[in-house]
Structures are given as C-alpha cells and as structure tokens.
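Fold and contact review
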Amino acid sequence: MAHTYIKDLSKHEGQQVTLKGWLAQKRDSKTIVFLVMRDGTGFLQCIVDINNVGEEVFETAKKLTQESAFEITGTVRRDEKQFGGYELQASALTVYSLATDYPITPKDHGIEFLMENRHLWLRSRRQWAIMRVRNTIIYSIHKFFQDRGFVQMDAPIFTGNAAEGTTTLFETDFYGEPAYLSQSGQLYGEAMAFAQGLIYTFGPTFRAEKSKTRRHLSEFWMIEPEMAFYDLDMDMDVIEDFVRYVVTEVLDTCKLEIEVLERDTTYLERVREPFIRMKYELAVDYIQGLKDYNGKTSIQILEEDLKAIEEAVAAKQKDIDEREAKIAGGTLTKGEKNFNQNKIDGLKNEINDLNEKAGNIPQWLNSAKNFKRGDDFGGSDETVLTRLFGQPIMVYNWPRDVKAFYMKEDENDLGYAKGVDLLAPEGYGEVVGGGERETNIEKLIGKIEEHKLPMDVFEWYLDLRRYGNVPHSGFGLGLERLVAWICGLQHIRETIPFPRSFGGKLKP
RNA sequence: GGGAACAUAACUCAGUGGCAGAGUAGCGGCCUGUUAAGCCGCGUGCCGGAUGUUCGAUCCAUCCUGUUCCCGCCA
C-alpha cells in the first residue's frame, strides 16, 4: 500500500493513513508516548496511547531511539498547536531499524562537530528548512527564465584559459594539457547568447582563492544569464525582476521553512519596492557619510548601532549578575538552579556574539571614513551602504580599472564601465555582479593587453565582435549567497549540502 | 596573503600554580496532552601534542597541530 507524506496530511484529516520516516524526537510517560516523525516532507507528532495500541506496540514505541526508522498508522487530527497543523493518533507501528547513540542530540553543538557530521546534520530541522528553501530558489530561477524564453545552456567546466586572469583557479590535467576548472561561464555565455538570443547557464563554479570567510566557497553554483540586444538599463531591469520574483516565491511558498528558520522577513519584503539604483560616485558619497538618507548619514547610523549593542550587552550582563546572585543565595531547588545556570550560559554566548558585532563596527566606520574614491568596495563598504537603505541597491558605472576587461566603457562617461553590482541588505553584500559587455574590439584588445592576458586564448571570444557584433548584457548570481540572504544565515557553509571551502575538509 | 582568538567529559562550556567542575545527552525511578517538559538519583577525563620554567603545570613561556572569527580577493 502506498504511504502518505506528511506534507499531504491536510487532504486526509480524520482519515487513517500510513506514514514512513525517522524519529526526530520522543517524549514518553507511563501511558502515552509522543513520537515526532520526520519523513523528508515535514515533521509530525504521533501520539501512541497505551489504551489505543495495546501494551506490545506501546513498549515498542517507548524503546524507539532518535533516528530510528519506522512506519506508523493512525488517524489524522487537526491541531493548531502543532508545527504543520496536524498530529496523528497512532493505531499501529512497525520498526525498520533501531539507531543507537545518534551523535546529534536536540541540544547545543559547536560548528566543528556539526560540520564533521554534516551527513547527519542535514536531517535536523533547520538544515532541512534551508535545503528546501534552496530547492525553491533553484526551481523559481528556472521558472523565471524559462517563462521568459531563455534557453538553458551549459558552459564547460574544463577550460584552457585562466579566464579573467583575476582569480586563482584549480589546475587539473586534461589528457596531458593543463586545464582549469571554470571560474565563470560568462565568456561562453556570450557565444551562446549570439546563437540563441537569450540564454542562462546554471552550474558549478570553482575558485581556488584562499578566502576563508562567511561569504566564500571553493565550489559554488552560479546562474549566468546573457542577453543579446540588451543594454545596461535593460540588464538592471532583468536583475530587479529576477531577484524580486525569486524572493517573493520563497516568501509565498516556504512559510513553514521561514518559521523554522525564525527569519524576520521585514527586509526581504522590501524587494517588492523598486530597487535603488545609483552610480558608483553617488554610492561613495553615502559611504563616506557626505550625504544623508532620511536625515541620517551612514556614519550616524553605525554609531547608533554600536550604542544599541552596548546597551544590549549591559542588560544581558545585569541579567547574568542577578541570576548568579540567586544561585549563590542557595535557596533554589536543584531544578531552579539548573534553569538559571542554563540561562546564564545562553546569555554569555549572546554577549560573545554581540561583542563580536560591536568589535566590527569601529572597523567599518574607519573603513567608510577612509574610503578611497576610485577603489572597489570592500565587504564593510557594502554593509555600510545597505545598512543605510535597508533594501537591495544596484550600484552601476564603476571605475573602469576595478572591473573585468570585458565590461563596456560608458561612451558618455569615459573612465567608467557599465557594470552593476546588486548589494543585498543586512550585511549580505554582493549577490549579483554583471553589466553590459564591451563591443568595441579595439578597446577589448587593449584591455586584454593591459591585463597581460594571453591573446591567443581569447581569439574565439574576439570572433563574437567580428561576426554579428551587437550590444549585449548579462550577470552572474551566486546561488549560495542568495540562499544565505533569504534564509538569514550567518555563514554560507549552511547553504549547500556538502560545502567545499579553503582550509575545509573533503569529508564528509 | 595579513590579523585575532580558542583547544578541559559523548556535546556545550566554567575553572584554579597544589586531589578536575556544571549543564545537556545517556542510564534507573516518579510525575505529566507533552513539545529544548518537570522532579529525584547514577557515570565519565593523557585538561590538543612536544619542550621548557617550577618543589609542583590543565593553568606561565616557546614551538607544533587543529579549529573559529575578521580583512583582502570575489558571487
């Protein structure tokens, strides 16, 4: 008999169903056991009452351990209090396998331990939610482009050229010749766009940069649309529509996941408003605090943030002191003492996190005040700028020297390239990078020489300018950075099932 | 490539130059339509490794290893 999935329970209210899954959590007593089953599609509390199932099944239920696999039959009941809104009154239970000593308990674990157990960590509720959001994002990316007539085409992963020459690549041996793992499908995307008009690539990308930050992976997934006959303005229109579409799809269809992640969607909701578009030079004014927005400069906002954090730390410290005094008083029962000790430990961790944040702010302020006009933005500059506006910002017309060789120079604004970066709010920074491509073959050749790139590997690329040259644009979106932003994650390593990063491990 | 911190029980963390601590998980019992449940009881340690200082080092110093965080590079 086909079994039912937890996500479909609303169609079976009051009916008897059979579910198959694993034990996420258990609470038991003399006559009743609560089993929380997870089946991949959701979580469900099953009630095993000795009066309904008899002694034998009841004892089996009582002996189930975390992550044991089992099949359960029972009646679906509506219960507003439950996660997902339903629970199951069990009548029968079959065990597939008993797990012993599952390492990941429903308590606190450090990141090192969890990463070593990534293959198991993926089962926990939070990771489950993140992966489902990731899936929704991937699906909506395809829907967005397919609905608009884009053709998905794949760029090669092995490439002979060290592409843009800006990043370190992984070198491999390709039948005796040095080959590199692709760091971008961009140049191939242009060739494919001249064949199909509108295309997008969606595949893995590799960077051997020795970056060990919360925003970097060595292996990540990138979406790179390329559009013939599109200029920078049209490119920005696509970026804006695209990001708005994907974010609202998640907001509309992943309500349970957002609940699990406890994601405050205030800033995400703001994607429904028109995105802010500003030229690089104006953005610099805001970063340096020369211009205010809604009566405040970036510098003032950061100083206020710092003060607020310091006050929060003081309040938590006061709470700790009071609880410690209570414990020292010696009149508490053991349970009350434990409760307070747990709270104190939690508060100490919160203070550590806050102090870390507070420690960053002076650096940001310093970096913002000393920002050198003409430079590329650093991570902190992006944070400062987006903190001021609290919504996605597209910064365009960048100094030509800080952007890749294929970026089109603005003929009305010489020295500036028609590139655009989309900066996500809440410190997530650059999510999209793109722009209009240089069509002037002389300028392209000049730039290739200037960057000291080997001309012969770009001959095929220059052919695109020789045959049927047209204005065209595109962009690249880092999937994991988008997942991190939408889910509100502290670190990019949680956005991909098995992250690969510098200094990280190949196991699991 | 640069900088900062951390390493104590299965897990999360306190702590002290002089016999090693708590909470959680686990086990036993009581209670309970519970939901990080509550109450009572019971374990566990090469204090990351090496060398040095010292009567004595988990604690101080040096080195090594591992991990985390920040910056740079980028998506």
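Description of the structure in this document. (Residues numbered from 1 in each chain as written. Chains lettered and ligands numbered in written order. Predicted model: local features only at pLDDT ≥ 70, side-chain atom pairs only at ≥ 80, totals over all residues. Heavy atoms only, no water.)

**Details of the overall build of chain A**
Stated precisely, the cut-off is as follows: In this description a helix means any DSSP run of H or I spanning at least four residues, a strand means any run of E spanning at least two, and both kinds are numbered starting from the N terminus. Whether a residue is buried, partly exposed or exposed follows from its accessible area with a 1.4 Å probe, protein chains only, as a fraction of its type maximum: under 20%, in between, or over 50%, in that order. Whether two residues are in contact is decided by their heavy atoms: any pair within 4.5 Å suffices. Within this scheme the basic residues Lys and Arg register as positive and the acidic residues Asp and Glu register as negative, but His and the chain ends are omitted. To locate a charge, take atom NZ for lysine, CZ for arginine, CG for aspartate or CD for glutamate.
Helices and strands together make up the secondary structure of chain A, namely 15 helices and 16 strands. Taking the principal axes of its C-alpha atoms as reference, chain A extends roughly 85 × 60 × 45 Å. Within chain A, the proportion of its 508 residues that are buried is 49%. Put simply, of all contacts in chain A between residues at least 6 apart along the chain, 68% involve residues at least 24 apart. Averaging the coordinates of the 64 positive side-chain charges in chain A and doing the same for the 81 negative ones gives two points 5 Å apart.

**Let's talk about the pattern of salt bridges**
Two side chains of opposite charge can pair, provided their charged atoms sit close to one another. Our working rule: Here, a salt bridge means any side-chain nitrogen of Lys or Arg that lies within 4 Å of a carboxyl oxygen of Asp or Glu.
Using the criterion set out here, one finds 36 salt bridges in the structure. Taking the shortest distance from any N to any O, the salt bridge between Arg387 and Asp305 comes out at 2.8 Å. Taken together, the positions of Arg387 in helix α12 (residues 379-389) and Asp305 in helix α10 (residues 298-329) put the pair 82 residues apart, joining distant regions of the chain. Through salt bridges with shared partners, a single ionic network connects Asp237, Glu240, Asp241, Arg244 and Arg277.

**Looking at the packing of aromatic side chains**
Put simply, the rule is: Stacked, edge-to-face and tilted labels apply to pairs of Phe, Tyr and Trp rings (six-membered ring for Trp) whose centres lie within 6.5 Å, assigned for plane angles under 30 degrees, over 60, and everything in between, in that order.
Throughout the structure, instances matching the rule amount to 23 aromatic pairs. With a centroid separation of 5.6 Å and 50° between ring planes, the pair formed by Phe144 and Tyr245 is classed as tilted. Taken together, the positions of Phe144 in helix α4 (residues 125-147) and Tyr245 in helix α6 (residues 232-253) put the pair 101 residues apart, joining distant regions of the chain. Exposure remark for Phe144: the relative accessible area of 1% places this residue in the buried category. On the numbers, 4.9 Å between centres and 20° between planes, the contact of Tyr188 with Trp460 is stacked.

**As for the nonpolar core**
The following threshold applies: Throughout this description, the term nonpolar core refers to a set of buried Ala, Val, Leu, Ile, Met, Phe, Trp, Tyr and Cys residues connected via side-chain atoms within 4.5 Å. All the domain ranges listed were derived from an automatic or database domain assignment.
In terms of nonpolar packing, the biggest core is built from 55 residues, with Ile137, Ile141, Phe145, Phe242, Val243, Trp485 and Ile486 touching the most fellow members. Considering every element that reaches this core, the biggest residue donor is α6, with ten residues. In this structure, this core is formed jointly by two domains, domain 1 (6-97) and domain 2 (121-274 + 470-495), each of which donates at least three residues. When residues no more than four places from it in sequence are discounted, the contact partners of Trp485 are Val243, Val247, Arg263, Leu268, Val271, Pro392, Ala424, Pro425, Glu426 and Tyr428. Tyr280, Ile301, Ile320 and Val384 belong to the second-largest nonpolar core, a separate cluster that totals 32 residues.

**Examining helix α14 (residues 459-466)**
Defined as follows: This arc describes the spread of directions from the helix axis toward the C-beta atoms.
Burial in α14 covers these residues: Tyr461, Leu462, Leu464 and Arg465. Around the axis of α14, the buried residues are gathered within 140° of arc, so they sit on the same side. Buried residues along α14 sit in contact with α5 (186-196), α13 (441-450) and β16 (472-478). Downstream of α14 by one or two residues, Gly468 has phi in the positive range, about 70°.

**What to know about a nonpolar patch on the surface**
What counts here: Nonpolar side chains (Val, Leu, Ile, Met, Phe, Trp, Tyr) within 5 Å and like charges within 9 Å form the patches, drawn only from residues with over 30% relative accessible area and no salt bridge. Areas reported as accessible are Shrake-Rupley estimates using a 1.4 Å probe. Residue values count occlusion only from the protein chains shown.
Taken together, the side chains of Phe158, Phe174 and Tyr175 make up a nonpolar region of the molecular surface, amounting to roughly 390 Å² of accessible area. With respect to the helices, strands and loops of the structure, Phe158 is situated in strand β7 (residues 158-159).

**Some remarks on the side chain of Arg263**
Put simply, the rule is: We define a polar contact as two N or O atoms separated by no more than 3.5 Å, with the added condition that, inside protein, one atom must be a possible hydrogen donor and the other a possible acceptor, whereas residues neighbouring each other in sequence contribute only through side-chain atom pairs.
Relative to the elements of secondary structure, Arg263 occurs in the loop between α7 (255-261) and α8 (266-269). Here Trp485 takes part through its backbone oxygen, which lies 2.7 Å from a polar atom of the side chain of Arg263. The contact partners of Arg263, leaving out residues within four places of it in the chain, are Ile258, Leu268, Glu426, Trp485, Ile486, Cys487 and Gly488.

**Topic: the sheet that holds strand β9 (residues 177-181)**
How we decide: Here the rule is simple: two strands pair whenever DSSP picks up at least two bridges between them.
Taken together, three strands build an open sheet; the order of strands is β7-β9-β8 and the sheet is antiparallel. Looking at strand neighbours, the two that pair on one side only are β7 and β8 (171-174), the edges of this open sheet.

**A closer look at the sheet that holds strand β1 (residues 16-28)**
What counts here: An axis is simply a line fitted to the C-alpha atoms; with a helix, the fit covers only the stretch in contact. Between two such axes, the angle follows the N-to-C directions and lies from 0 to 180 degrees.
Reading around the circumference, β1-β2-β3-β5-β4 is the order of the five strands in this closed barrel, with mixed pairing throughout. Neighbour-to-neighbour, the strand axes of this sheet turn through a mean angle of 55°, independent of strand direction. As defined by bridge partners, β1 adjoins strand β2 (residues 32-38) across six bridges and the pair is classed as antiparallel. When the bridges of β2 are listed, Trp22 appears paired with Arg38. The sheet strands contacting helix α1 (residues 50-63) are β1, β2, β3 (43-49) and β5 (86-97), and the helix crosses β3 at an angle near 120°.

**So, the pairing of β16**
Counting buried positions along β16 gives seven out of seven residues, so the element sits mostly inside the fold. The alternating pattern of β16 places His472, Gly474, Gly476 and Gly478 and Ser473, Phe475 and Leu477 on opposite faces, both of which are buried. Note: strand β11 (residues 219-228) against β16, five bridges, orientation antiparallel. In the sheet register, Met222 faces β16, and the bridge partner there is Gly478. Pairing between strand β15 (residues 429-436) and β16: five bridges, direction antiparallel. Counterpart to Glu436 in the pairing with β16 is Ser473.

**Structural notes on the environment of Glu303**
Relative to the helices and strands, Glu303 is located in helix α10. Sequence separation of Glu303 and Asp235 is 68 residues, and the distance between their C-alpha atoms is 36 Å. Here Glu303 is in contact with Leu365 and Lys369, once residues within four sequence places are set aside.

**Points about the packing of α4 against helix α15 (residues 479-487)**
Worth spelling out the cut-off: The cut-offs work like this: below 35 degrees is roughly parallel, past 145 is roughly antiparallel, 65 to 115 is roughly perpendicular, and the gaps in between are oblique. Each crossing gets its hand from how the near helix is turned against the far one by less than a right angle, where anticlockwise is left-handed and clockwise is right-handed. Under the scheme applied, nonpolar residues are Ala, Val, Leu, Ile, Met, Phe, Trp, Tyr, Cys and Pro; charged residues are Asp, Glu, Lys and Arg; polar residues are all the others, including Gly.
Viewed as axis vectors pointing N to C, α4 and α15 meet at an angle of 120°, and their least axial separation amounts to 10 Å. As judged from the angle between their axes, α4 and α15 are oblique. Considering the relative orientation of α4 and α15, their crossing is right-handed. Here α4 contributes Ile130, Val133, Arg134, Ile137, Ile138 and Ile141 to the contact with α15, which in turn contributes Leu479, Glu480, Leu482, Val483, Ile486 and Cys487. Among the residues making up the contact of α4 with α15, the classes are represented as ten nonpolar, no polar and two charged.

**So, the packing of helix α9 (residues 280-287) against α12**
It is the contact of α9 with α12, at a shortest axis distance of 9 Å, that shows an interaxial angle of 85°. Between α9 and α12, the interaxial angle falls into the category roughly perpendicular. For the pair α9 and α12, the contacting residues are Ala283, Tyr286 and Ile287 in the first and Asp381, Val384, Leu385, Leu388 and Phe389 in the second. Classifying every residue of the contact of α9 with α12 gives seven nonpolar, no polar and one charged.

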